[in-house]
There are 2 protein chains.
Amino acid sequence: MSKIPYKIYLEENEIPTQWYNVRADMKNKPAPLLNPGTLQPMTAEELEGVFCADLVAQELDNDTPYIDIPQEILDFYKMYRPSPLVRAYCLEKKLGTSAKIYYKFEGNNTSGSHKLNSAIAQAYYAKKQGLKGVTTETGAGQWGTALSMACAYFDLDCKVYMVKVSYEQKPFRREVMRTYGASVTPSPSMETEVGKKILAEHPGTTGSLGCAISEAVEKAVSTEGYRYVLGSVLNQVLLHQSIIGLETKTALDKIGEKPDIIIGCAGGGSNLGGLVSPFMGEKLRGESDYRIIAIEPSSCPSFTRGKFAYDFCDTGMVCPLAKMYTLGSGFIPAPNHAGGLRYHGMSSILSQLYHDGLMEARSYKQTEVFEAAELFARSEGILPAPESSHAIKGAIDEALKCKESGEEKTIVFGLTGTGYFDMVAYEKFHDGEMTDYVPTDEEIRAYLEKLPKTE
Amino acid sequence: MSKIPYKIYLEENEIPTQWYNVRADMKNKPAPLLNPGTLQPMTAEELEGVFCADLVAQELDNDTPYIDIPQEILDFYKMYRPSPLVRAYCLEKKLGTSAKIYYKFEGNNTSGSHKLNSAIAQAYYAKKQGLKGVTTETGAGQWGTALSMACAYFDLDCKVYMVKVSYEQKPFRREVMRTYGASVTPSPSMETEVGKKILAEHPGTTGSLGCAISEAVEKAVSTEGYRYVLGSVLNQVLLHQSIIGLETKTALDKIGEKPDIIIGCAGGGSNLGGLVSPFMGEKLRGESDYRIIAIEPSSCPSFTRGKFAYDFCDTGMVCPLAKMYTLGSGFIPAPNHAGGLRYHGMSSILSQLYHDGLMEARSYKQTEVFEAAELFARSEGILPAPESSHAIKGAIDEALKCKESGEEKTIVFGLTGTGYFDMVAYEKFHDGEMTDYVPTDEEIRAYLEKLPKTE
């Protein structure tokens, strides 16, 4: 048998033409979103005040296993997809492991991450509905960049609320978004009522995804011809991101590989959910078994230390409630934490799957994650995003276990993006100024006690 | 016939296993390097005080058409090559042109450019020779990053002198290099005699590639176990970069395309020389004809306003003299000019070819280049480096000519890299603060009058 190449590229005509909806194979469906006023399940009509109609349909569809990708979106996908599945020969050699390591690399596009997969879909449906523009929030800046690119392509206005700490740590991200014609505001801001309220209560806050979501939603529902779009957490986003997993599965099938362990970083869950979806589908249908591991930061440990309960998706409590693993919507991670994965909650789909014992979760501290990032950069030549580096750390640990046991496991992980805009964090790491904040049990308990009473 | 895909990827086993040396097919060989003291052609022995022995052999070899790429280098190439040849369908549509536009994209690696192709070769030969480390200069930072990556891979020390204006405009580049273990010094510095001298004569200078080269060479020749490596200009670099053109040719052959026009940006000439080499070879052998166009910045117009003469390769006049199109080794481009392409001279190979009428040259102003960059980013989704954007501007202009004439020409250009570290320049462009410096005839004449007398 000939050697497996370093990079496994699919042909253009092997790009999936349908997204896979893992909910169709879930016995226990994710719980519905609740109206924050009535605490009743949100109807399509209610959701359509905030989201595009077609996206609402996708959000609520727990039954259709495959959904056609519109041709306009496929055409855009062809600009940067299929993304490569890479055999990490150099990392394997560096570790001296008997494991085989693969990663699906989603960073080879200007947004720098997998976020573009859903951004282009959401922009397309907004355009199709005849909207003027969309609002959103961004943490690390990857989602905002992705949405800016997608909006430029479909000639839509794009208004981005960027978590203040990221806005300051990543000034150049703003310029990339401006290159694509977006307007970018640091959040919390004085532009919205909820922003004013948060600033009054927490002057000097460095913001959080939860705050920025509140502002973007308020702006969307109060502006004619606008809707709100979200880069993670939602069912529709996991649906769009299933393209990652579908391509990965096709590529692995082509080289005759079957993974033992699949690893992804988890903030809101979009990358992990997308990567694992077809594998999880097999697992749900009883066709195969896989170990699936979510990696999250110790500073924001929704899965590993949060509670499975209904909670607000945003800090301002204007959004629907979702049932998910949450640290409480008031939880704001330490500002020194690099980049994304700062969200207090988690995708309802992944939360349900985790609750049902279909996947594992693990948390790592910031410094050990950057150590893994540097090792990876030096061996595989790609400078990884801090978010993605959580998955790298997870994969390295599993590979080192194989080294000890001599097992030849096949490990697949998601390398969601590049770290070109994270050099402030890398600088802190190089200068020994990076700290490892981990919330205390008391802190977490205090937030969890404030969870809304829904039952 | 099925539609040509957006991205044409070669298989791993189609990566060229030999570099192509265009000098073998040149009737008029590039003039030899001269010893700055004796003004006699540099011998291999003399050059080996500065460069690795194997690289000196490549530098002086005007006859061997194909040179084997060592397996260790091929293994590294497989980490990020083959690079895609992209059909710019979206740009074509945006322009409404009848032309077919392709670009060879070299930015999908962490160095952000084609520079890695030669960096890994030079690091390999340094390691093979048993050296401890290498020194170099970097302008935009791409070469320094590439060399840092290559040195990390082969466990070599890497000492980079970075042009001060880039060091200040691109603080994060330094951190990328540090991630790969390199040490980075802004140039001119007080670390070298030549740096001290330049600072004494021009206090407050923002530096130039020419200055930084002088410092890096001095450091290399005065440090045990070190040699100097250079990212452009030299014959050996064009040899390594021929992989760009060879892959491009193979990909075009596969889809049955023959370019009419080939366009590249030109600073020192490494990308252009690499991209065009196999096509130029056909042209030299009388097998095909192609229009080959070099694009340079109006602020540093070596081809279009310089003189074909022997000149120093560096500002400090410690390096050998090369016969090339030059603006004079004292010429330092305006500090407001973004990124690379700031070199006063040009590859001797390309200079000879241009002198012999085998290629054209054209210059563009900074603002119009950034306009092209933004148009490209919004249509093709890739944020281009300022350097690469010169080639984009050239390709757009040729495509618009086709639109007028209705011709269906095939245009291929080199997209050398990404602009993630050039956001200060993009910010100036967005804020209307970008200026278009063009040297006056008097300025250029003043520098050219100081060219060394060699004949």
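Quick caveat, the model's predicted, so the values are computed rather than measured.

## Focus: the packing of helix α5 (residues 116–128) of chain A against helix α11 (residues 235–254) of chain A
Residue and element names in this part refer to chain A.
1) Next: The contact between α5 and α11 brings their axes to 8 Å, and the two run at 125°. Relative to α11, the element α5 is oriented oblique. α5 and α11 meet at a crossing whose hand is right-handed. Contacts between α5 and α11 involve Asn-117, Ser-118, Ala-121 and Gln-122 from the first element and Gln-236, Val-237, His-240, Gln-241, Ile-243 and Ile-244 from the second.

## Things to note about the interface of chain B and chain A
1) Next: Facing the 43 residues of chain B at the interface are 43 residues of chain A.
2) Next: Across the chain B/chain A interface, buried area totals approximately 4,100 Å², and carbon plus sulfur atoms make up 58% of it.
3) Next: Counting the surface chain B buries against chain A, the share from its top three residues, B:Phe172, B:Thr179 and B:Tyr420, is 18%.
4) Next: Applying the counting rule to chain B against chain A returns four salt bridges.
5) Next: As a salt-bridge pair, B:Arg174 and A:Glu427 come within 3.1 Å of each other at their nearest N and O atoms.
6) Next: The tally of links between chain B and chain A comes to 21 residue pairs in polar contact (both at pLDDT 80 or more).

## Description of the relation of the copies chain B and chain A
1) Next: Mapping chain B onto chain A leaves a residual RMSD of 0.0 Å; the transformation is a rotation of 180° accompanied by 0.0 Å of translation along its axis. These values place the two chain copies in the arrangement generated by a two-fold rotation axis. Among all residues of chain B, the one whose C-alpha sits closest to the rotation axis is B:Asn108, at a distance of 3.1 Å.
2) Next: A share of 100% of the interface residues of chain B reappears at the interface of chain A, consistent with the copies meeting face to face through the same patch.

## Brief notes about the domain arrangement of chain A
All names here are of chain A.
1) Next: Examined at the domain level, chain A breaks down into domain 1 (7–14 + 82–112 + 237–448) and domain 2 (18–68 + 114–228).
2) Next: For the pair domain 1 and domain 2, the two sides together bury roughly 4,500 Å², of which 64% comes from carbon and sulfur.
3) Next: Area buried by domain 1 at its contact with domain 2 is led by Leu-239, His-240 and Phe-421, which between them contribute 17% of it.
4) Next: Put simply, domain 1 and domain 2 have one salt bridge between them.
5) Next: A salt bridge links Arg-285 to Asp-25, with the shortest nitrogen-to-oxygen separation between them at 2.9 Å.

## What about the layout of surface pockets?
1) Next: Computed from the structure, the largest pocket encloses a volume of approximately 1,000 Å³.
2) Next: Along the wall of the largest pocket there are 38 residues; nearest its centre are A:Tyr9, A:Glu11, B:Leu10, B:Glu11 and B:Glu12.
3) Next: Considering every element that reaches the lining of the largest pocket, the biggest residue donor is helix α3 (residues 71–80) of chain B, with three residues.
4) Next: Looking at the lining of the largest pocket, its residues break down into 18 nonpolar, six polar and 14 charged.

## Regarding the pattern of salt bridges
As a working rule, side chains carrying opposite charge can pair if their charged atoms are close by.
1) Next: Inspection of the entire model under this criterion finds 60 salt bridges over all chains.
2) Next: Its salt-bridge partner being B:Glu193, residue B:Lys196 comes within 3.5 Å of it at the nearest N-O pair. Note that B:Lys196 and B:Glu193 are positioned in helix α9 (residues 193–201) at a spacing of three residues, about one turn of the helix.
3) Next: Here B:Lys196 falls in the partly exposed class, since its relative accessible area comes to 35%.
4) Next: Judged by its relative accessible area of 53%, B:Glu193 falls in the exposed class.
5) Next: Residues B:Glu201 and B:Lys197 are paired through a salt bridge, measuring 3.8 Å at the closest nitrogen-oxygen approach. Linking B:Glu201 with B:Lys197, this pair stays in helix α9, spanning four residues, or about one helical turn.
6) Next: Looking at B:Lys197, the relative accessible area reads 52%, which means it is exposed.
7) Next: Each of A:Arg174, A:Glu175, A:Arg178, B:Glu427 and B:Asp431 takes part in a single network of salt bridges with overlapping partners.

## Focus on the sheet that holds strand β5 (residues 100–105) of chain B
Residue and element names in this part refer to chain B.
1) Next: Spatial strand order, β1-β4-β5-β15-β10-β11-β14: seven strands in an open sheet with mixed pairing. One side of each edge strand has no neighbouring strand; the edge strands of this open sheet are β1 (7–8) and β14 (360–364).
2) Next: Pairing geometry for strand β4 (residues 85–87) and β5, over three bridges, is antiparallel. Residue pairing across strands places Leu-85 opposite Lys-104, the latter belonging to β5.

## Thoughts on unusual backbone geometry
Excluding glycine, residues mostly have negative phi values, and the peptide bonds linking residues are mostly trans.
1) Next: Residue A:Arg81 is joined to A:Pro82 through a cis peptide bond whose omega torsion reads -10°.
2) Next: By secondary structure assignment, the location of A:Pro82 is in the loop between α3 (71–80) and β4 (85–87).
3) Next: Each neighbour pair has its own omega, and for B:Ser187 with B:Pro188 the value is 0°, a cis peptide bond.
4) Next: Mapped onto the fold, B:Pro188 is located in the loop between β8 (183–187) and α9.
5) Next: Even without a glycine there, the phi angle at A:Asp155 is positive, about 60°.
6) Next: Structurally, A:Asp155 can be placed in the loop between α6 (142–154) and β7 (157–163).

Thresholds, definitions, all that
- Residues numbered from 1 in each chain as written.
- Chains lettered and ligands numbered in written order.
- Predicted model: local features only at pLDDT ≥ 70, side-chain atom pairs only at ≥ 80, totals over all residues.
- Heavy atoms only, no water.
- Axes fitted to C-alpha atoms, helices over the stretch in contact; angles between N-to-C directions.
- Helix = DSSP H or I, 4+ residues; strand = E, 2+ residues; numbered from the N terminus.
- Parallel < 35°, antiparallel > 145°, perpendicular 65-115°, else oblique.
- Left-handed = near helix turned anticlockwise from the far one by under 90°.
- Contact = heavy atoms within 4.5 Å.
- Buried area = accessible area lost by both parts, 1.4 Å probe.
- Salt bridge = Lys/Arg side-chain N within 4 Å of Asp/Glu carboxyl O.
- Polar contact = N/O pair within 3.5 Å; in protein donor to acceptor, adjacent residues only side chain to side chain.
- Least-squares fit on C-alpha atoms with pLDDT ≥ 70 in both.
- Domains from an automatic or database assignment.
- 1 Å grid on protein atoms, 1.4 Å probe; cavity = no way out; pocket = protein on both sides within 12 Å on 5 of 7 lines; lining within 4 Å.
- Points joined across faces, edges and corners; volume = space filled by probe spheres on them.
- Nonpolar A, V, L, I, M, F, W, Y, C, P; charged D, E, K, R; others polar.
- Buried < 20%, exposed > 50% of the residue type's maximum accessible area, 1.4 Å probe, protein only.
- Pairing = 2+ DSSP bridges.

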